[in-house]
Amino acid sequence: MSIIEILKQKFGYDTFRVGQEDVILSVLKGQDTVALLPTGTGKSLCYQLPSYMMEGTTLIVSPLLSLMQDQVEQMKVRGEKSVLALNSFLTADERKLAFKRLHTVKFLFVSPEILQNDYILRRIKQLSISLFVIDEAHCISQWGPDFRPDYMLLGDIKNQLNNPTTLALTATATMSIREDIINQLNLVHPNELIYSVDRPNIAINIIHVEDYKEKVEQLISLVNQLNGPGIVYFSSRKLTEEISERLNRNEHLNVAFYHGEMDQEQRTLIQQQFIYNELDVICATSAFGMGINKENVRFVIHFHMPSTVEAYLQEIGRAGRDGKQSISILLSSDYDESLPLNMIENELPSQIQIERFFQWNSRVSMSQEEYAGLNNVQFRLLSYYDTFLGNKDSKEKIYIISQRIEERKNKKIHQLFSMIRWKNSVECRREGLLRYFDEQLKSKPLVCCDRCGINENDFYKSNDLRSSNKNDSWKDRLDYLYRQGKYKHE
DNA sequence: CGTCGGTCACTTACGTGACCGACGGTGCCGTAAT
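Keep in mind it's a predicted model, so treat the numbers as computed, not measured.

## Observations regarding the sheet that holds strand E2 (residues 57-61)
Here is step 1 of the chain: If you trace the seven strands from one edge of the open sheet to the other, you get E3-E4-E2-E5-E6-E1-E7, paired in parallel fashion. If you trace the sheet from one side to the other, it starts and ends with strand E3 (83-86) and strand E7 (191-194), each paired once. Taken pair by pair, the neighbouring strands of this sheet meet at an average axis angle of 15°, ignoring direction.
Here is step 2 of the chain: Where E2 lies against strand E5 (residues 129-134), five bridges are found, and the strand directions are parallel. From the neighbouring strand, Thr 57 faces E5, where its bridge partner is Ile 129.

This is how it looks when you write it as structure tokens:
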């Protein structure tokens, strides 16, 4: 059967979307492939389709359990039963059952962490893995070195699985991220399929405000007026809750918050409500987004500046998946960098913490974590390095680790300053953004960015829409008139 | 940067204001015995 026939039979489509066919053909040739496809172009088809033409099992590494569950669900809906997600969601019984049918599974989803379980890896090694897929592969570069070290062990896993054809998929990758992916996975001359990251239907806008208070006012005014649905990104969990509460005072708006400290059930509920258009706006931290396929998001606002251009691009990319005109707005003020700078500074263990980690011994009454004053993430990172460096003596380990961490910090600071440089630049936003991704802007969309000039009114709710809504109180009307006046002066 | 929580001085015993330092974000897994 040809790939076109399988596309029709298994997926019900007649044609491929941009890039899909090239990726599939590359994989079928047995070539290691790094594919950079713009958001929302159906990346999962790129590994599912070729799997049907290959013997053996496809192993898919996914960064989020919810993402895995979604994909498994979708595959089951389209009739694929030979699919399994091996993760901590499984109860003991389910797990037993999973191992029983493991050898019959065509698509196996795992997290990088679970591959460190000896028994599970042994079982997977007994299968014949013909395709090794890394979904959202930028995590290797973005999360591996300081947040989820198990991402850095995938290259070793790949070797242990006898180097199956490897496919790394992502929507966000600068040359430097691609290099990280290739190095970490030990790929030799992979086929790199790169498509433009430009999203011409998203207007790129930066609004400068003087201080915190003005930022809040500006945000509230924007959210009240912009066509929804939309997402507002913050770098603070608390603020997502506070601002969401404030926005909800406008009775025409349904707003919810979303961050990583909420329980899974709550998170899923909010996500579903947003997807099914029961919510107008979500106030979220960076926890919100990966794997969310909502077509009609009309605006993305950043209350805090993201700490990398990559993260920024990924977050604004959640707007306008349906191809319709959408807008992204970064609320900018002086000293925007101090928050992310502090986060970078506090995230990784300090020299003293590294030393104390290695000074600890079992006679100390505190745990190693406590003794070195490390949080859970930092402790795991140092434990990873400790194991990774094997039999070297502590002194040498401390030296190597300190150096690596220093390099990592510098890299992050460098990325942060790239973001600031872009923000402060006077040139076309889109041109600058694309240049960061080693691309050149070929054609400028009619509605481009604040530098090229856009009419904000194009993105505002029409008068009718705003006033015809339910219980319009005199207070709202006044509020609205006030805002209208304010806008005319700007 | 802004926010928050703890401490202290001032007092005259509860409460308040000033000051300082810390902190802010992202997610897997564990457990048994396969």
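That was the structure; now back to the text.
## Observations regarding the protein's contact with DNA strand B
Here is step 1 of the chain: Around DNA strand B, 35 residues are found, and the nearest of them are Ser 88, Tyr 119, Arg 237, Thr 285 and Asn 342.
Here is step 2 of the chain: Backbone atoms, meaning sugar plus phosphate, form 58% of the atoms of DNA strand B positioned within 4 Å of the protein.
Here is step 3 of the chain: The separation between a base oxygen of DNA strand B and a polar side-chain atom of Trp 143 is 2.8 Å.
Here is step 4 of the chain: Taking Ser 235, its main chain carries an N or O atom lying 3.3 Å from a sugar or linking oxygen of DNA strand B.
Here is step 5 of the chain: In terms of residue count, helix H14 (residues 338-347) provides more of the surface near DNA strand B than any other element does, five residues in total.
Here is step 6 of the chain: A per-class count over the surface near DNA strand B returns 13 nonpolar, 13 polar and nine charged.

## Points about the domain arrangement of chain A
Here is step 1 of the chain: Entries for chain A in the domain assignment read domain 1 (3-194), domain 2 (202-336 + 425-488) and domain 3 (340-417).
Here is step 2 of the chain: Taken over C-alpha atoms, the centre of domain 1 sits 31 Å from the centre of domain 3.
Here is step 3 of the chain: Taken together, the contact between domain 1 and domain 3 spans 12 residues of the former and 10 residues of the latter.
Here is step 4 of the chain: Taking both partners together, domain 1 and domain 3 bury about 950 Å²; carbon and sulfur atoms supply 52% of that area.
Here is step 5 of the chain: Together, Pro 145, Asp 146 and Pro 149 form the three largest contributors to the area buried by domain 1 at its contact with domain 3, with a combined 53%.
Here is step 6 of the chain: Along the contact surface separating domain 1 from domain 3 lie four salt bridges.
Here is step 7 of the chain: A salt bridge links Arg 380 to Asp 150; its shortest N-O distance comes to 3.1 Å.
Here is step 8 of the chain: At the level of secondary structure, the elements contributing two or more residues to the side of domain 1 that touches domain 3 comprise helix H7 (138-142) and helix H9 (175-184).
Here is step 9 of the chain: For the side of domain 1 that touches domain 3, the per-class residue count stands at five nonpolar, three polar and four charged.

## Thoughts on empty space enclosed by the protein
Here is step 1 of the chain: What the rule picks out here adds up to two cavities of 30 Å³ or more.
Here is step 2 of the chain: Counted as a void, the largest cavity has a volume near 90 Å³.
Here is step 3 of the chain: Around the largest cavity, the lining residues are Pro 38, Thr 39, Ala 171, Thr 172, Val 197, Arg 199, Leu 313, Gln 314 and Gly 317.
Here is step 4 of the chain: Grouping the amino acids of the lining of the largest cavity by side-chain chemistry returns four nonpolar, four polar and one charged.
Here is step 5 of the chain: Counting contributing residues, the lining of the largest cavity receives three or more from each of domain 1 (3-194) and domain 2 (202-336 + 425-488).
Here is step 6 of the chain: Roughly 60 Å³ of internal volume is contained in the second largest cavity.
Here is step 7 of the chain: As for the second largest cavity, its lining consists of Val 197, Asp 198, Arg 199, Ile 202, Ile 204, Leu 313, Ile 316, Arg 430, Leu 433 and Leu 434.
Here is step 8 of the chain: Of all the elements in the fold, those that place two or more residues in the lining of the second largest cavity are strand E8 (202-208), helix H13 (309-316) and helix H19 (429-436).

## Observations concerning the pattern of salt bridges
Here is step 1 of the chain: Evaluation of the coordinates by the stated rule reveals 19 salt bridges.
Here is step 2 of the chain: A salt bridge links Asp 386 to Lys 397; the nearest nitrogen and oxygen atoms lie 2.6 Å apart. Pair noted here: Asp 386 is in helix H17 (residues 376-388) and Lys 397 is in helix H18 (residues 394-424), with a separation of 11 residues, a long-range link.
Here is step 3 of the chain: Here Asp 386 falls in the partly exposed class, since its relative accessible area comes to 24%.
Here is step 4 of the chain: Each of Asp 146, Glu 347, Arg 408 and Lys 412 takes part in one network of salt bridges that share partners.

## Observations concerning the confidence of the model for chain A
In low-pLDDT regions, the fine details of the predicted coordinates are not to be read closely.
Here is step 1 of the chain: Per-chain confidence: chain A averages 90 in pLDDT, with 94% of residues scoring 70 or above.
Here is step 2 of the chain: Mean pLDDT values for the elements of chain A range from 43 in helix H21 (residues 474-489) up to 98 in E2.

## Focus on a nonpolar patch on the surface
Here is step 1 of the chain: Among the surface-exposed residues, Leu 25, Leu 28 and Met 53 lie close enough to one another that they form a single nonpolar patch of about 210 Å² accessible area.
Here is step 2 of the chain: With respect to the helices, strands and loops of the structure, Leu 25 is situated in helix H2 (residues 20-28).

## Points about the nonpolar core
Here is step 1 of the chain: Within the largest apolar cluster, 73 residues are counted, with the highest numbers of intra-cluster contacts made by Leu 108, Val 110, Ile 124, Leu 154 and Phe 288.
Here is step 2 of the chain: There are two domains that each give this core at least three residues, and those are domain 1 (3-194) and domain 2 (202-336 + 425-488).
Here is step 3 of the chain: Filtering out sequence-adjacent residues up to four positions away, Leu 108 remains in contact with Thr 57, Thr 58, Leu 59, Ile 60, Leu 84, Leu 86, Leu 102, Ile 124 and Leu 127.
Here is step 4 of the chain: Core analysis: the next-biggest nonpolar cluster, separate from the first, contains 25 residues, Val 223, Phe 299, Ile 329 and Tyr 460 among them.

Cut-offs applied
- Counting of residues starts from 1 at the beginning of each chain's written sequence and follows it residue by residue.
- For naming, the first written chain is A and the first written ligand is 1, with later ones following in the order written.
- Totals for whole chains, interfaces and linings use every residue, but because this is a predicted model, local features are given only for residues with pLDDT of at least 70 and side-chain atom pairs only at 80 or more, for both listing and counting.
- With hydrogens and water set aside, each side-chain value is computed from the structure's full complement of heavy atoms.
- In this scheme, strands are said to pair when DSSP sees at least two bridges between them.
- Strands here are runs of E lasting at least two residues and helices are runs of H or I lasting at least four, both read from the DSSP assignment and numbered beginning at the N terminus.
- A fitted line through C-alpha atoms represents every axis, and for helices the fit uses only the stretch in contact; the resulting angles, taken between N-to-C directions, go from 0 to 180 degrees.
- A single heavy atom is enough: if one lies within 4 Å of a molecule or strand, its residue is considered near that molecule or strand.
- Two N or O atoms form a polar contact when they lie within 3.5 Å of each other; inside protein one atom must be a possible hydrogen donor and the other a possible acceptor, and for residues adjacent in sequence the pair counts only when both atoms belong to side chains.
- Only Asp, Glu, Lys and Arg are considered charged in this grouping, and only Ala, Val, Leu, Ile, Met, Phe, Trp, Tyr, Cys and Pro are considered nonpolar; every other residue, Gly among them, is considered polar.
- Each domain's extent is set by a domain assignment, obtained either automatically or from a database.
- Any two residues having at least one pair of non-hydrogen atoms within 4.5 Å are treated as being in contact.
- A quick way to say it: buried area is the sum, across both parts, of accessible area lost when two parts are put together, with a 1.4 Å probe.
- We count a salt bridge whenever a side-chain nitrogen from Lys or Arg sits within 4 Å of a carboxyl oxygen from Asp or Glu.
- Two kinds of site are reported from a 1 Å grid over the protein atoms alone, namely cavities, where a 1.4 Å probe fits but cannot get out, and pockets, open sets with protein on both sides within 12 Å along at least five of seven lines, and residues are called lining when an atom falls within 4 Å of a point.
- Grid points are joined across faces, edges and corners, and a volume is the space filled by probe spheres set on the points.
- Note on classification: 1.4 Å probe, protein chains only; a residue is buried when its accessible area is under 20% of the maximum for its type, exposed when over 50%, partly exposed between these limits.
- Residue-level confidence of the predictor is summarised by pLDDT, bounded by 0 at the bottom and 100 at the top.
- Patch membership needs two things, relative accessible area over 30% and no salt bridge, and members are linked within 9 Å if like-charged or within 5 Å if nonpolar (Val, Leu, Ile, Met, Phe, Trp, Tyr).
- Shrake-Rupley sampling with a 1.4 Å probe provides the accessible areas, and residues are treated as covered by the protein chains on show and by no other component.
- Only buried Ala, Val, Leu, Ile, Met, Phe, Trp, Tyr and Cys residues count toward a nonpolar core, and they belong to the same one when joined by side-chain atoms within 4.5 Å.

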